[in-house]
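# Descriptive structure summary
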Amino acid sequence: MSIIHQILEWALDACGRICHNYGCSILLFTLFSKVALLPVSVQVHKNTIKMVRMQPEINFIKAEHFGDPDTIAEEQARLFQREKYHPFVSVIPLLIQVVLLIGLVDVIRAGVDSPRKELVFLGISLDMAPQNGGGMLLLCPVAAGLSALLLCLAQNKSNVLQSEQSKANKYGMMAFSVALSLYLGWFVPAAVALYWVAGNLLAVAQLYLLNWVIRPADYVDYAQLKKSRQRLQELELLSESGKKQRIFDPLNRREREDYKKFFSIANKHLVFYSESSGFYKYFEEIIAYLLCHTNLVIHYVTSDPADAVFQTAEKEPRIRPYYIGHKKLITLMMKMDADLVLMTMPDLENYHIKRSYVRKDIEYIFLPHGMGSINLTFRTAALDHFDTVFCTGKHQKKEVEKTEAVYGLPKKKLLEFGYPLLDRMRRDYEHMEHQPQKRKSILIAPSWQEGNIVDSCLYDLLESLHGKGYQITVRPHPQQIRHQRQKMEQLKARFAQQGDIEIQTDFSSNRTVFTADLVITDWSDIAFEYAFTTGRQVLFVDTPMKVMNPAYERIDTEPFNIWIRERIGRVLKPEHAQAAAEIVGEMLACAAKKEEVIYALAQEYVYHPGISAAVGAKYMIRQIQKKAAERKGEKA
């Protein structure tokens, strides 16, 4: 610091000999220091551009390994090494600024004690601090604070790195800088405050000069940056509700206990994962078979704390349920230790849910939760990282095989499985008491997507069917009720006085579906379940199709959801909804003839009717036994 003091004193004196005024010499010194440090500033500017240019890749790394900080740190370090990025470079100007400020305070204090210098600048005595005087000196902290505010605003808007920071970081740094400037302006001599103000204003000018010479937009892919940020935010939102939980929140404590319990058990053979309680129905028949024919313990992970499986487990001790929220699930899946993992959730490995890092031999099995097209209704590559797919029918098997051929993917095991939910629905339907109805019943069951029946033509449908001798039931999708509650209440109020129209919001029973003589829907999978259970027809309203895979046409096979509609019913354009009554009448008139055709289609396009759960369970038993034999062989 002694050497730095001497250098700064010499430089300041040199500026004084040019200006013959101490205030002007400080301004000139500040300018010279900015020019002298310009190469460093250019290097820092390039480094920050490089950092922002890498940010999309960093965000994708964080998304790819969400919940695994060690792997994120390793991948990020590898990226920095590849790009020759040095985080320390950005700290250099700050360190230089601190050293300059400390040294300059001493030099200026020594300078203001010298009688040889002109110590008044713009009417302000540079040798005094505002805390020791008033008047014009009070302008010093104000000017220092305003200059710091101006610099922060400029950086938040135009600094390539600072502009990408969160609002908390931006405004936090602004508050700190302004507070520090006010402090300096109040307690140090006015000469130091003058240097601080000049430095801030020159920094603003330098920022815009560097952005003009080295334009960040020439190096940064802002579209990719936005995409990566959205991807990361989607994952962070998964844990938003968890962040609101207190450390002693019962639900939070329950999750921690279940997490420990799950990993306290070694040699798990079979794990089911369910996103919510509504998915248990897809596993139920398989679990029932396993419990009846084996001594296997069923480990059932669910992200729904109110999942019905917890009540089932109270009666069946071999079902071990665990509540694991979406964020904790990420880590649990990465540390998974089991022979088989069965799940209805696609996109394994594509987003936040990864294959196990602990065991590479786990067999991941995908179980469809619908009979429709996989290629149309799932995202591109949704099943690429599963080992086995349980196919409900030959249309699904064909789609997976063609997808593998088109994209050159490794072949998966494709089990000709079936649809246990359909088997159960058929059993329930057969055991129902079928009493003749006075009036034909019509069920309107829309899907939940943009432009669905409720949003496009429901009123026209009801107006056409009302008073024609039908009993009409409208069952809006649960998500429609949840997100448009007011609209649903208005709908119920509007038709409350119509004896032949009921707006139903209770989904606890399938009786309404089974007893309907005809179903009107758009793209809901209820169409296949209803038709293949009862043998009755479906009237499809041709609303905009929901396409999860924009590249579905690359696979040379027409999606089941599209071609099946004309085979099990009729298609009606929304704009022709007023003609619904006429078409419904024609369909009901030929119902008996169509029943045989519909059952034949079910037989052809759904594998193993009546025994699908047994087929799937037996496959899983064989795989578990095979893995057990392999382990014994390795030990031997």
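Everything discussed here concerns the structure shown above.
Residues numbered from 1 in each chain as written. Predicted model: local features only at pLDDT ≥ 70, side-chain atom pairs only at ≥ 80, totals over all residues. Heavy atoms only, no water.

### A few points about the overall build of the chain
Counting its regular elements, the chain contains 28 helices and 15 strands. Its C-alpha atoms give the chain a radius of gyration of 35 Å, more than 25% over the compact-globule value 26 Å for 636 residues. The C-alpha extent of the chain, read off along each of the three principal axes, is 115 × 75 × 50 Å. Nonlocal contacts in the chain, meaning residues at least 24 apart in sequence, comprise 73% of its contacts between residues at least 6 apart. Of the accessible surface of the chain, which amounts to about 31,800 Å², a share of 56% is contributed by carbon and sulfur atoms. Seen as two clouds, the 78 positive and the 71 negative side-chain charges of the chain have centres 3 Å apart. (Helix = DSSP H or I, 4+ residues; strand = E, 2+ residues; numbered from the N terminus. Rg over C-alpha atoms; globule rule 2.2 N^0.38 Å. Contact = heavy atoms within 4.5 Å. Areas by Shrake-Rupley, 256 points an atom, 1.4 Å probe, with all protein chains shown as cover. Lys, Arg positive; Asp, Glu negative; His and termini not counted. Charge placed at Lys NZ, Arg CZ, Asp CG, Glu CD.)

### So, helix α11 (residues 250-264)
Along its 15 residues, α11 runs 21 Å from first to last C-alpha, staying within 8% of the 21 Å computed at 1.5 Å per residue. Buried positions along α11 lie against β3 (268-274), β4 (298-302), β5 (319-323) and α14 (326-334). (Expected span 1.5 Å × (residues − 1).)

### Regarding the sheet that holds strand β8 (residues 388-391)
An order of β5-β4-β3-β6-β7-β8-β9 is seen for the 7 strands of this open sheet, with the pairing classed as parallel. Each end of this open sheet is capped by a strand with a single partner; those strands are β5 and β9 (413-416). Mean inter-strand twist for the sheet, computed between neighbouring axes without regard to direction, equals 20 degrees. In this structure, strand β7 (residues 363-366) lies alongside β8, joined through 2 bridges in parallel fashion. Looking across to β8, one finds that I365 is bridged to T388. On the sheet, α14 packs against β3, β4 and β7 and is oriented at approximately 155 degrees with respect to β3. Across the sheet, helix α16 (residues 394-407) is in contact with β8 and β9; its angle to β9 comes to roughly 170 degrees. (Pairing = 2+ DSSP bridges. Axes fitted to C-alpha atoms, helices over the stretch in contact; angles between N-to-C directions.)

### Focus on the packing of aromatic side chains
Scanning the model with the defined rule gives 21 aromatic pairs in all. Relative to Y85, the ring of F80 has its centre 4.9 Å away and its plane inclined at 55 degrees; by these criteria the two rings are tilted. Relative to F417, the ring of F390 lies with its centre 4.8 Å away and its plane at 40 degrees, an arrangement referred to as tilted. With F390 in strand β8 and F417 in the loop between β9 and α17 (420-431), this residue pair connects regions lying 27 residues apart in the sequence. Each member of the pair, F390 together with F417, is buried. Put simply, the rings of Y259, F262, F263 and Y322 pair up and form one aromatic cluster. Here the guanidinium or amino end of K268 rests over the ring plane of F262, the centre of that ring lying 4.3 Å away. Seen from the ring of Y259, K328 lies directly overhead, with NZ or CZ sitting 4.6 Å from the centre. (Phe/Tyr/Trp six-rings, centres within 6.5 Å; stacked < 30°, edge-to-face > 60°. Buried < 20%, exposed > 50% of the residue type's maximum accessible area, 1.4 Å probe, protein only. Lys NZ or Arg CZ within 6 Å of the ring centre and 35° of its normal.)

### Let's talk about the pattern of salt bridges
Evaluation of the coordinates by the stated rule reveals 22 salt bridges. Its salt-bridge partner being E363, residue K413 comes within 3.9 Å of it at the nearest N-O pair. Taken together, the positions of K413 in strand β9 and E363 in strand β7 put the pair 50 residues apart, joining distant regions of the chain. You can call E363 buried: its relative accessible area is 4%. Two residues, E404 and K412, come together in a salt bridge whose shortest N-O distance is 3.3 Å. A residue is classified by how much of its surface remains accessible, and E404, at 4% relative accessible area, is buried. (Salt bridge = Lys/Arg side-chain N within 4 Å of Asp/Glu carboxyl O.)

### Some thoughts on a nonpolar patch on the surface
Nonpolar side chains collect at one region of the surface, where L138, M173, F176, L180, Y183, W186 and F187 lie side by side and expose about 690 Å² of accessible area between them. Take F187: it is sitting in helix α7 (residues 167-187). Judged by relative accessible area, which is 36%, F187 ranks as partly exposed. (Patch = residues over 30% accessible without salt bridge, like charges linked within 9 Å, V, L, I, M, F, W, Y side chains within 5 Å.)

### Some thoughts on the environment of R631
In this structure, R631 sits in helix α28 (residues 612-635). Contacts of R631, omitting those with residues within four sequence positions, involve H269, D339 and R359.

### Thoughts on the environment of L415
Relative to the helices and strands, L415 resides in strand β9. In this structure, the C-alpha to C-alpha distance between L415 and Q224, residues 191 residues apart in sequence, is 39 Å. Sequence-distant contacts of L415, that is, excluding residues within four places in its chain, are made with V389, F390, C391, V615, G616 and Y619.

### Looking at the packing of α11 against α14
If you want to describe how two helices pack, look at the angle between their axes and the distance between the axes. Interaxial distance between α11 and α14 falls to 12 Å at its minimum, and their mutual angle equals 10 degrees. The orientation of α11 relative to α14 falls into the category roughly parallel. Across the interface between the two elements, E255, Y259, F262 and F263 from α11 touch K328, T331 and L332 from α14. Taken together, the residues of the contact of α11 with α14 break down into 4 nonpolar, 1 polar and 2 charged. (Parallel < 35°, antiparallel > 145°, perpendicular 65-115°, else oblique. Nonpolar A, V, L, I, M, F, W, Y, C, P; charged D, E, K, R; others polar.)

### Side note on unusual backbone geometry
Not every positive phi belongs to a glycine, and D347 is a case in point at roughly 65 degrees. Mapping D347 onto the fold places it in the loop between β6 (338-343) and β7. Look at E349: it is not a glycine, yet its phi comes out positive at around 75 degrees. For E349, the location among the structural elements is in the loop between β6 and β7.

### Things to note about the side chain of R359
Within the fold, R359 resides in the loop between β6 and β7. Reaching out from R359, the side chain makes a polar contact with the backbone oxygen of A338 at a distance of 3.3 Å. At 3.0 Å, the side chain of R359 and the side chain of D339 are in polar contact. Apart from residues lying up to four places away in sequence, R359 is in contact with M336, D337, A338, D339 and R631. (Polar contact = N/O pair within 3.5 Å; in protein donor to acceptor, adjacent residues only side chain to side chain.)

### Regarding a positive patch on the surface
A cluster of basic side chains, namely R253, R256, K260, K327, K328 and K335, defines a positive patch on the protein surface. Put simply, the parts of the chain that give the positive patch at least two residues each are α11 and α14. Take the positive patch: its biggest share by element is 3 residues, from α11. If you trace the backbone, R253 turns up in helix α11.

### Some details on the pairing of β3
Counting buried residues in β3 gives 6 out of 7 residues, a clear majority hidden from the surface. Across 5 bridges, β3 lies against β6 in parallel orientation. Bridge pairing in β6 links F272 to L342. Here β3 pairs with β4 via 4 bridges, running parallel. In the sheet register, S274 faces β4, and the bridge partner there is T302. With helix α12 (residues 280-293) bridging β3 and the parallel β4, this β-α-β connection has right-handed handedness. (Right-handed = clockwise from strand over helix to strand, strands pointing away.)

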